[in-house]
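What follows is each chain in one-letter form.
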Amino acid sequence: MMIERKTGRRIAAALVTMGAAAGMTGALAAPAAAADRTSGHFDVAAEVECDVFGDPTDVEVHVHEHVGGQEAELPAGDWLTFTGTSGPEVGFTVEPGASCGVLDVEFQPNVLGSASTGGTVSGVGAAGSFSASKTSASGGLVLDGSGHEDLTWSFSSTGTYLLAFDVTVNGGAPVLSETVPLKRS
């Protein structure tokens, strides 16, 4: 079947117009609103890849949530929000690759991000403890290759706390984590 040239151009123009309209609809769609996450289970996760000898070759550190047995990245703009001592479970975990040998992973806090409005945040667990403010940071947590540790968190005042960690694996070069967005209301 042969399509006349004029009809073909109309079809092509209609398809281009529909594609552009679909693209504009996606572009104009509003992003999801930021949320205060007051419950759930979140981890600062060190994902470690290793070579065939079991030595670490790559480390990525991000914040994820456990949802229905799966991991989901914390959406940008969301806050892990505490009211008094209640709030979400927030901990640390090591996720080793299949070929990894013995791992020793340390999470050391950095000073709070400059946009933080709170005072001092502290975390305490069996694997260690730390404290961070805008001017100082101390302590840390050490986990083995399959470790997981939920912490008890405390905040000196209401406000936001933007906290990142330097993560080292087996004494190697530190890797900076994603920022953990904490809020005390």
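Anything mentioned here points back to the structure above.
Residues numbered from 1 in each chain as written. Predicted model: local features only at pLDDT ≥ 70, side-chain atom pairs only at ≥ 80, totals over all residues. Heavy atoms only, no water.

Participant: Before we move on, can you summarise the overall build of the protein chain with the specific residues and values?
Facilitator: Broken down by element type, the protein chain carries 1 helix and 16 strands. Per-residue burial over the protein chain gives 36% buried out of 185 residues. Counting only contacts in the protein chain whose residues sit at least 6 apart along the sequence, the fraction spanning at least 24 positions is 64%. A total of about 10,100 Å² of accessible surface is found on the protein chain, and carbon and sulfur atoms cover 56% of it. (Helix = DSSP H or I, 4+ residues; strand = E, 2+ residues; numbered from the N terminus. Buried < 20%, exposed > 50% of the residue type's maximum accessible area, 1.4 Å probe, protein only. Contact = heavy atoms within 4.5 Å. Areas by Shrake-Rupley, 256 points an atom, 1.4 Å probe, with all protein chains shown as cover.)

Participant: For the pairing of strand 3 (residues 56–67), give the residues involved together with the corresponding values.
Facilitator: Pairing between strand 2 (residues 41–50) and strand 3: 9 bridges, direction antiparallel. Counted as the bridge partner of F42 is E65 from strand 3. Hairpin connection of strand 2 to strand 3: 5 residues between the antiparallel strands, including G54 at a positive phi of 90 degrees. Judged from the 4 bridges that link them, strand 3 and strand 4 (residues 70–73) form a sheet pairing that is antiparallel. Note on strand 4: the bridge partner recorded for E65 is A72. Connecting the antiparallel pair strand 3 and strand 4 is a turn made up of 2 residues, with G68 showing a positive phi of about 55 degrees. (Pairing = 2+ DSSP bridges.)

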